[in-house]
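# Structural description and commentary
Residues per chain, in single letters:
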Amino acid sequence: MVVKVNEHNYEVKTPMGMSFHVDLQMRTCTCEEWTLMKIPCSHAVGAPIRVDLPVHTRCDPASSTFYWKLAYHDSIIPVPDLSNLYSVPDDIATMQIPPPKTQRPPGRPKRSRYLSSGEVKELRDRRRSRGGNVRATMAPGITGHHMAKT
Ligand SMILES: [Zn+2]
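As annotated in an unreviewed UniProt entry, the protein chain carries the name SWIM-type domain-containing protein and comes from Microthlaspi erraticum.

What follows covers the UniProt feature "domain: SWIM-type" (unreviewed entry) in the protein chain. Feature annotation in UniProt places "domain: SWIM-type" (unreviewed entry) on residues 20–52, given in this structure's numbering. As annotated, residues 20–52 comprises 42% helix and 18% strand, and the C-alpha atoms at either end are separated by 20 Å.

Our next topic: the pairing of strand 2 (residues 9–13). Burial of the side chains of strand 2 is restricted to one face: Tyr10 and Val12 are buried, whereas none of Asn9, Glu11 and Lys13 on the reverse face is. Here strand 1 (residues 2–4) runs beside strand 2; their pairing, made up of 3 bridges, is antiparallel. Within strand 2, the position partnered with Lys4 by the bridge is Tyr10. Counting the residues between successive antiparallel strands, the hairpin from strand 1 to strand 2 contains 4 residues.

For the rest of this paragraph, the subject is the sheet that holds strand 3 (residues 19–23). Ordered in space as 1-2-3-4, the 4 strands form an open sheet in which the pairing is antiparallel. Edge strands, defined here as strands with exactly one partner in the open sheet, are strand 1 and strand 4 (28–29). Bridge count between strand 3 and strand 4: 2 bridges; the pairing is antiparallel. Opposite Val22, over in strand 4, you have Cys29 as the bridge partner.

Once that is clear, we can look at the nonpolar core. Soluble globular proteins: nonpolar side chains tend toward being buried together. Residues Tyr10, Val12, Phe20, Val22, Cys29, Cys31, Trp34, Cys41, Ala44 and Ala47 constitute the largest nonpolar core, which totals 10 residues. Put simply, the parts of the chain that give this core at least two residues each are strand 2, strand 3 and helix 2 (42–50). Among all residues touching Ala44, those that are not within four sequence positions of it are Val22, Cys29, Trp34 and Arg58.

On average, residues of the protein chain carry a pLDDT of 80, and 83% of them reach 70 or more. No element of the protein chain has a lower mean pLDDT than helix 2, at 81, and none a higher one than strand 3, at 93.

The next subject is the pairing of strand 3. Side chains Phe20 and Val22 project from strand 3 onto a buried face, and the interleaved Ser19, His21 and Asp23 project onto a face without burial. Sheet topology note: the strand 2/strand 3 ladder contains 5 bridges and is antiparallel. Residue pairing for strand 3: Glu11 is matched across the bridge by His21. Here strand 2 hands over to strand 3 after 5 residues, with Gly17 in that stretch at a positive phi of 90 degrees.

What follows deals with unusual backbone geometry. What you tend to see is this: most non-glycine residues have negative phi, and most peptide bonds are trans. A positive phi is found at Glu32, a non-glycine position, where the angle reads about 70 degrees. Structurally, Glu32 is set in the loop between strand 4 and helix 1 (33–37). For Glu32, a count of 12 C-beta atoms within 10 Å puts it in the exposed group. Located in the positive-phi region is Lys38, a residue other than glycine, with phi close to 65 degrees. Note that Lys38 resides in the loop between helix 1 and helix 2. Residue classification places Lys38 among the partly exposed positions, given that 14 C-beta atoms sit within 10 Å.

Rules and cut-offs
Residues numbered from 1 in each chain as written. Predicted model: local features only at pLDDT ≥ 70, side-chain atom pairs only at ≥ 80, totals over all residues. UniProt positions renumbered as here; feature names shortened; annotations may be inferred. Helix = DSSP H or I, 4+ residues; strand = E, 2+ residues; numbered from the N terminus. Buried ≥ 20, exposed ≤ 12 C-beta atoms within 10 Å, placed from the backbone. Pairing = 2+ DSSP bridges. Core = buried A, V, L, I, M, F, W, Y, C linked by C-beta atoms within 7 Å. Contact = placed C-beta atoms within 7 Å. pLDDT = per-residue confidence, 0-100.

Structure (structure tokens):
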């Protein structure tokens, strides 16, 4: 959901309940992806759509095709055959380099991965995570075989 704060500022609320402040003039979003990548993040894409502003105009000029073409406007000289560049000395060519020695870190390895930015850990029903068996609960007043008889 996009909420207009003023002409250039918007609040973008995600379905997961997170809120981001998008500033179209400063080209920033509180998720910082726009600042780092110079390409609008998903929140910054939503706000220009609301004001009918072409999204591609929000990209950094350095990411435009103009600068891309400018970077390659000079002639590109073909790369020569790498095998003819120089000969490798025999002692280096026949050298055996083993992989570095690594040690397994102490403790049990982590089973869950680190979450990405903006990702929220999904809560699972713990009863169903045990192979689909749902632990039954006893009604009060009924004694099981493990309970002491009175
Ligand atoms: Zn963002």
